[in-house]
Amino acid sequence: MNLDRPVAPDPYELLPQVPAFVLESDDLVAGEQMPVLHVKPHDNVSPHLSWRDFPEETKGFVVTCFDPDAPTPSGYWHWIILDLDSTVTYLERGQGESDLFLPGAAAHARTDGGVWGWEGANPPAGDRPHRYIFAVHALDVPTLELDAEEVSATAVSFHALFHTIARATLEVTYQQ
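Here the structure is a predicted model, which is why all the values come from computation and not from measurement.

### Notes on the side chain of Asp69
(1) Moving on: Looking at where Asp69 falls in the secondary structure, it is placed in the loop between β3 (60–67) and β4 (76–85).
(2) Moving on: Residues contacting Asp69, with those up to four places away along its chain left out, are Arg5, Val7, Ala8, Asp127, Arg128, Pro129, His130 and Arg131.

### Remarks on the layout of surface pockets
(1) Moving on: Counted as a void, the largest pocket has a volume near 310 Å³.
(2) Moving on: In terms of lining residues, the largest pocket is bounded by 17 residues, among which Pro11, Leu15, Trp77, Thr154 and Ser157 are the most central.
(3) Moving on: Elements with a minimum of two residues in the lining of the largest pocket: β3, α1 (153–161) and β8 (164–174).
(4) Moving on: Here the element with the most residues in the lining of the largest pocket is α1; it accounts for five residues.
(5) Moving on: Computed from the structure, the second largest pocket encloses a volume of approximately 160 Å³.
(6) Moving on: Lining the second largest pocket, in full, are Asp10, Tyr12, Glu13, Gln17, Val18, Pro19, Ala20, Phe21, Arg167, Ala168 and Thr169.

### Quick notes on the pattern of salt bridges
(1) Moving on: The tally for this structure, following the rule as stated, stands at six salt bridges.
(2) Moving on: Where Arg52 meets Glu24, a salt bridge forms, and the shortest distance between an N and an O atom there is 3.1 Å. Pair noted here: Arg52 is in strand β2 (residues 49–52) and Glu24 is in strand β1 (residues 22–24), with a separation of 28 residues, a long-range link.
(3) Moving on: Note on Glu24: relative accessible area 35%, which makes it partly exposed.
(4) Moving on: Residues participating in the shared-partner salt-bridge network are Glu24, Arg52 and Asp53.

### A word on the nonpolar core
(1) Moving on: Met34, Leu49, Trp51 and Phe134 are the most contacted members of the largest nonpolar core, which totals 28 residues.
(2) Moving on: Considering each element in turn, this core owes the most residues, five residues, to β8.
(3) Moving on: Residue contacts for Met34: discarding those within four places in its chain leaves Leu28, Val39, Trp118, Ala121, Tyr132, Phe134, Val172, Thr173 and Tyr174.
(4) Moving on: Formed by 19 residues, the second largest nonpolar core is a distinct cluster that contains Ile80, Ile133, Leu139 and Ala160.

### Some details on the sheet that holds strand β5 (residues 90–91)
(1) Moving on: Taken together, the three strands give an open sheet; going across it, the order is β1-β2-β5, and neighbouring strands pair in antiparallel fashion. Of all the strands in the sheet, the pair left with one neighbour each is β1 and β5.
(2) Moving on: In this structure, β2 lies alongside β5, joined through two bridges in antiparallel fashion. Bridge assignment links Leu49 to a residue of β5, and that residue is Leu91.

### So, the environment of Ser50
(1) Moving on: By the secondary structure assignment, Ser50 is in strand β2.
(2) Moving on: For Ser50, a relative accessible area of 16% translates into the label buried.
(3) Moving on: The sequence separation of Ser50 and Thr89 amounts to 39 residues, and the corresponding C-alpha distance is 5.7 Å.
(4) Moving on: Contacts of Ser50, omitting those with residues within four sequence positions, involve Val22, Leu23, Glu24, Thr89 and Tyr90.

Parameters at a glance
Residue positions within a chain follow its written sequence, with the count starting from 1. Note on the predicted model: pLDDT of at least 70 is required for a residue's local features to be given, and 80 or more for side-chain atom pairs to be given and counted; whole-chain, interface and lining totals, by contrast, use all residues. In computing side-chain values, all of the structure's heavy atoms are included and hydrogens and water are not. Only runs of H or I of at least four residues qualify as helices and only runs of E of at least two qualify as strands under DSSP, and these elements are numbered from the N terminus. Contact definition: two residues touch when any of their heavy atoms are within 4.5 Å. Cavity: a set of points on a 1 Å grid over the protein atoms alone where a 1.4 Å probe fits but cannot get out. Pocket: an open set with protein on both sides within 12 Å along at least five of seven lines, its lining residues, like those of a cavity, having an atom within 4 Å of a point. Grid points are joined across faces, edges and corners, and a volume is the space filled by probe spheres set on the points. Criterion for a salt bridge: a side-chain nitrogen of Lys or Arg within 4 Å of a carboxyl oxygen of Asp or Glu. The buried label applies to any residue whose accessible area, calculated with a 1.4 Å probe on protein chains only, is under 20% of its type's maximum; exposed applies above 50%, and partly exposed to all values in between. Put simply, buried Ala, Val, Leu, Ile, Met, Phe, Trp, Tyr and Cys residues joined by side-chain atoms within 4.5 Å make one nonpolar core. A pair of strands is treated as paired once DSSP finds two or more bridges between them.

Following this line, the structure appears as structure tokens:
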């Protein structure tokens, strides 16, 4: 199968611009390949993430991981956590396994693969390197008031857009 296609733009460059803050990881290095520990065909463990220097008026967070290079018209959502409290400033490695490991009222929305939790990188074999963009969205509300079991990742992103006061991103790649 021929997967030759144009490179998709960075989706966050197409949205209204907001101030940036810092997103870091003990597991991921910006611009480098995602370790196989976090890849679906291997261990499929969610990575550690931590964030800082977000606006003082932040009332909540949404965390996402998006692959704009998936061979679909709309990319591929690998991780969506909504309703993280403003006091939460990190996720430990493996915390994305299920809602049972998330703090407070936080919950996973379904990935494009139908998983309520972390769904690691799994691009088609032989395709070019895919970008995985982790984003933490600082919100002006404590909750988006969405039903995590019913809402799509795209709908979470849409609703978060209207409440995002700052955003931090970290991009890694993976190729099989």
